[in-house]
Amino acid sequence: MHEQVAGSIVFDPEACKGCGLCVEICRSKARSMSPEQNRHGVRPARVLREACVRCGTCYYFCPELGANTIAPCKASGRAGRYLPAA
């Protein structure tokens, strides 16, 4: 199970195809490429949680549906204040 912080991006490295777009687009430098391969034989992106500002840029620019999802806030069931509700 992936760590889910309310209103944050939840990243699944097994769904990642290793294009690196999120690494290039991340303005807080919270993304990098993993040295290990996933089940698809590619090096997926990885997230440095401490650096993530929850802007959602990786979510909107990722071409692979399901690699980045938004964890809903427990109180309201809606996405965090930085991201629109699903």
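What comes next is a walk through the structure. Quantities reported herein were computed from a predicted structural model and do not represent experimental measurements.

## What about the environment of arginine 49?
Mapped onto the fold, arginine 49 is located in the loop between β3 (45–47) and α2 (57–61). For the pair formed by arginine 49 and arginine 31, sequence separation is 18 residues and the distance between their alpha carbons is 8.9 Å.

## Description of the side chain of asparagine 68
Positionally, asparagine 68 belongs in strand β4 (residues 68–70). Here arginine 31 takes part through its side chain, which lies 2.7 Å from a polar atom of the side chain of asparagine 68. Those residues within four positions of asparagine 68 in sequence are excluded, and the remaining contacts are Ile9, Val10, Phe11, Arg31, Cys58, Tyr59 and Cys62.

## A few points about the nonpolar core
In terms of nonpolar packing, the biggest core is built from nine residues, these being Ile9, Phe11, Ala15, Cys16, Cys22, Ala45, Cys58, Ala67 and Ile70. Excluding residues within four positions of it along the chain, cysteine 58 makes contact with Ile9, Cys22, Arg31 and Asn68.

## A short note on a nonpolar patch on the surface
Taken together, Leu21, Ile25, Tyr59, Tyr60 and Phe61 make up a surface patch of nonpolar side chains, about 430 Å² in accessible area. Broken down by secondary-structure element, the contributors of at least two residues to the nonpolar patch are α1 (21–25) and α2. If one sorts the elements of the nonpolar patch by residue count, α2 sits on top with three residues. Looking at the element boundaries, isoleucine 25 is found in helix α1.

## Quick look at the side chain of arginine 31
Considering the arrangement of structural elements, one finds arginine 31 in strand β2 (residues 31–33). Here arginine 31 occupies a buried position and makes no salt bridge, while the nearest side chain of opposite charge, aspartate 12, is found at 11 Å. Not counting chain neighbours up to four residues away, the residues in contact with arginine 31 comprise Ile9, Phe11, Cys22, Val23, Cys26, Ala45, Arg46, Val47, Cys58 and Asn68.

## Some words on the pattern of salt bridges
According to the stated counting rule, one finds two salt bridges in the structure shown. A salt bridge links glutamate 14 to arginine 39; the shortest N-O distance between them is 3.6 Å. Separated by 25 residues along the polypeptide, glutamate 14 in the loop between β1 (9–11) and α1 and arginine 39 in the loop between β2 and β3 bring together distant segments of the chain. Residue classification places arginine 39 among the exposed residues on the basis of a relative accessible area of 65%. For lysine 17, the salt bridge is made with glutamate 64, and the minimal N-O distance between the two is 3.6 Å. Of this pair, lysine 17 sits in the loop between β1 and α1 while glutamate 64 sits in the loop between α2 and β4, placing them 47 residues apart in sequence.

About the thresholds
Residues numbered from 1 in each chain as written. Predicted model: local features only at pLDDT ≥ 70, side-chain atom pairs only at ≥ 80, totals over all residues. Heavy atoms only, no water. Helix = DSSP H or I, 4+ residues; strand = E, 2+ residues; numbered from the N terminus. Polar contact = N/O pair within 3.5 Å; in protein donor to acceptor, adjacent residues only side chain to side chain. Contact = heavy atoms within 4.5 Å. Core = buried A, V, L, I, M, F, W, Y, C linked by side-chain atoms within 4.5 Å. Buried < 20%, exposed > 50% of the residue type's maximum accessible area, 1.4 Å probe, protein only. Patch = residues over 30% accessible without salt bridge, like charges linked within 9 Å, V, L, I, M, F, W, Y side chains within 5 Å. Areas by Shrake-Rupley, 256 points an atom, 1.4 Å probe, with all protein chains shown as cover. Salt bridge = Lys/Arg side-chain N within 4 Å of Asp/Glu carboxyl O. Lys, Arg positive; Asp, Glu negative; His and termini not counted.

Interpretation in functional terms is not warranted from these geometric data alone.
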